[in-house]
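Here is what each chain is made of, one letter per residue.
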Amino acid sequence: MQLMLLLLLLASQHASAVVVYEGVESVRLPCHVPADVALESTAAVWDREDLNIQIVHVRLRSSDDFKEQSIRYTNRTSMRADALQTGDLSLTLKNPTVSDSGTYKCTVRKYGRDQSKTYVDLKVTVRPPPVWPIVLFALLVPVVLLAAAFGVFMYPRYKMLKMRKDYPVEMVEVEQEEKSVLLPFKVTEEDDISQDVKVEWKRQNMIVHVYQNNEHQHLLQDQDYRDRTEMNEDPHRTKDFSLKLKDLQLSDHGGYTCTVYNKDGYILLQKVVLLNITVLQVEMVEVTQGEKSVLLPFRIKDDLSLDVTLLWRHEKVTVHAYQRGQNQSVLIGQDYEGRTEMKKDPLNNKDFSLTLKDLRLTDRGVYTCTVHNKDGHMLLQKAVTLSVRVPEVQMVETVKGVQSVLLPFTTDIKLQDVTVEWKHEDRKVPQGRAEMKKDPLTTGDLSLTLKDLHLTDSGVYTCTVYNKDGHMLLRKSVILSVRGESNICLSTLQILNEKDPIKQPVMHHGNVTYVE
């Protein structure tokens with residue numbers, strides 16, 4: 001039953017087309033998922049793939065998120081406040097026009113992963129025209145009235161528009177670990193600001209801070225900014241409308257607009273401040289193949305809420321997850337099951353470092369640790385690049401005519417369901433003259449015995465271990481020198497150094513074996 005539900009959610013769901021006339025007050029685009037699926041999700045996203053800016057509406061667990069919304073949908077979309085509790089993710093679009101026609105996609109996401117998709121085709125058509133005499137009469141009366149009232153209505157607005165002053169856009173940059181940042185807005189002495197004005201800081205459609213009637217109106221703030229903003233106590237006298245933003249989050253980056261209105265609601269002053277929060281530099285960790293474990297470090301300075309989610313990822317695979325005070329093993333990729341570990345109580349210890357065990361060559365690459373709050377907003381992020389070095393090449397010397405020679409390769413890593421492959425440069429190992437010990441996976445001894453030696457046996461022998469998916473886990477090279485011909489040394493070593501072992505073709509085999 002659970003499998004059927006999963007397949008249903010992952011499949012694309014197509015709804016019937018919705019057709020409305022242009023000029024209606026609003027239209028509803030339906031989208032529903034089971035309530036238990038909605039409760040486990042972190043976001044619902046409506047978008048149109050045919051637009052340059054595709055986002056139509058984003059609903060998080062506690063609020064709407066308009067920071068990436070296409071400007072054509074500003075102040076025109078809404079969803080139920082309890083959408084991610086009830087599973088009713090339907091979108092209401094106000095004042096639809098013909099240009100709103102298209103295919104809309106409703107996506108349910110859980111920490112960035114798509115859980116379900118529903119497509120709705122919206123067609124907005126022009127209403128059929130009425131009989132022409134009625135239209136002519138209906139138009140003439142308003143036109144005459146509008147022409148008469150135009151001057152009276154527009155003159156004060158035109159006058160206020162000329163009085164409006166826009167300040168230059170300013171860029172502010174701050175590092176991720178800073179506790180606060182100041183968004184500056186100091187007005188000049190020539191700007192005469194009365195006491196009876198309203199000062200409003202906004203980000204997209206979210207109200208960040210409001211100062212009106214000589215008081216800070218905290219109840220008007222968006223929930224994401226409650227208890228996180230400060231302004232001067234007397235901004236009129238100091239002519240300083242700068243805003244201090246505290247407890248910085250990565251999701252705080254973007255444009256902030258401060259607007260000063262007079263008592264009639266006309267704009268007097270306006271300034272845009274662009275906030276750029278820079279992520280800490282990537283840290284490099286290097287380890288040698290064969291090491292049992294490696295630590296990917298991530299320590300923080302400030303306290304965080306206990307209600308956060310922490311994800312370590314390698315490329316697109318989840319390596320480790322920590323949520324609600326517990327490690328979440330069900331979210332981990334199969335290749336990392338039982339191979340990762342974090343210290344106990346990481347939030348109180350301020351240590352999100354990850355220990356990766358049973359190292360493999362395929363473990364190399366960039367690991368990203370991301371911390372989200374309960375609403376899915378990113379608070380912190382760090383990247384660690386792991387480099388797994390292949391050990392130095394081992395040299396084995398012997399003489400022509402000896403019965404056998406051992407090409408050594410032992411490991412402490414527990415191996416199962418793998419393929420072990422020995423090759424002699426680009427040539428096959430002589431048939432019937434090579435053998436491995438019994439039960440090499442249990443003993444960890446992958447050494448190869450080469451019998452009845454010839455001078456032509458000199459060269460580079462490479463042993464590679466692959467998992468069942470064909471990914472390289474281990475590799476070692478051994479140079480065999482059979483005395484009696486010119487020493488192998490320089491030419492062979494140069495060939496070996498020029499080869500990148502990671503760029504060798506991946507071989508797929510059935511069981512534990514070696515190439516002869």
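Everything numeric here is computed off the predicted structure, so don't read it as measured data.

Scoring rules and cut-offs
Residues numbered from 1 in each chain as written. Predicted model: local features only at pLDDT ≥ 70, side-chain atom pairs only at ≥ 80, totals over all residues. Heavy atoms only, no water. Pairing = 2+ DSSP bridges. Helix = DSSP H or I, 4+ residues; strand = E, 2+ residues; numbered from the N terminus. Buried < 20%, exposed > 50% of the residue type's maximum accessible area, 1.4 Å probe, protein only. Core = buried A, V, L, I, M, F, W, Y, C linked by side-chain atoms within 4.5 Å. Contact = heavy atoms within 4.5 Å.

1. Topic: the sheet that holds strand 23 (residues 317–323)
Line of reasoning, step 1. The sheet built from 6 strands is open, its strands ordered 20-28-27-22-23-24 with mixed pairing. Strands at the two margins of the open sheet, each flanked by one partner only, are strand 20 (283–288) and strand 24 (326–327).
Line of reasoning, step 2. Direction of pairing for strand 23 relative to strand 24: antiparallel, over a ladder of 2 bridges. The residue of strand 24 that forms the bridge with Gln323 is Gln326.

2. Quick look at unusual backbone geometry
Line of reasoning, step 1. In this structure, Lys239 takes a positive phi of about 55° despite not being glycine.
Line of reasoning, step 2. Mapped onto the elements of the fold, Lys239 is located in the loop between helix 5 (235–238) and strand 17 (243–246).
Line of reasoning, step 3. Here Lys239 falls in the buried class, since its relative accessible area comes to 15%.
Line of reasoning, step 4. Phi is positive for Asp345, which is not a glycine, with a value near 50°.

3. Observations regarding the nonpolar core
Line of reasoning, step 1. In terms of nonpolar packing, the biggest core is built from 30 residues, with Val294, Leu296, Leu310, Trp312, Phe352, Tyr367 and Leu386 touching the most fellow members.
Line of reasoning, step 2. At the level of elements, strand 20, strand 21 (293–296), strand 22 (309–314), strand 23, strand 26 (354–357), strand 27 (365–372) and strand 28 (378–389) are the ones that each hand at least two residues to this core.
Line of reasoning, step 3. Sorting elements by how many residues they give to this core places strand 28 first, with 5 residues.
Line of reasoning, step 4. Not counting residues up to four positions away in its chain, the partners in contact with Leu310 are His320, Ala321, Tyr322, Met342, Phe352, Cys369, Thr370 and Val371.
Line of reasoning, step 5. Core analysis: the next-biggest nonpolar cluster, separate from the first, contains 29 residues, Leu183, Val197, Val199 and Leu243 among them.

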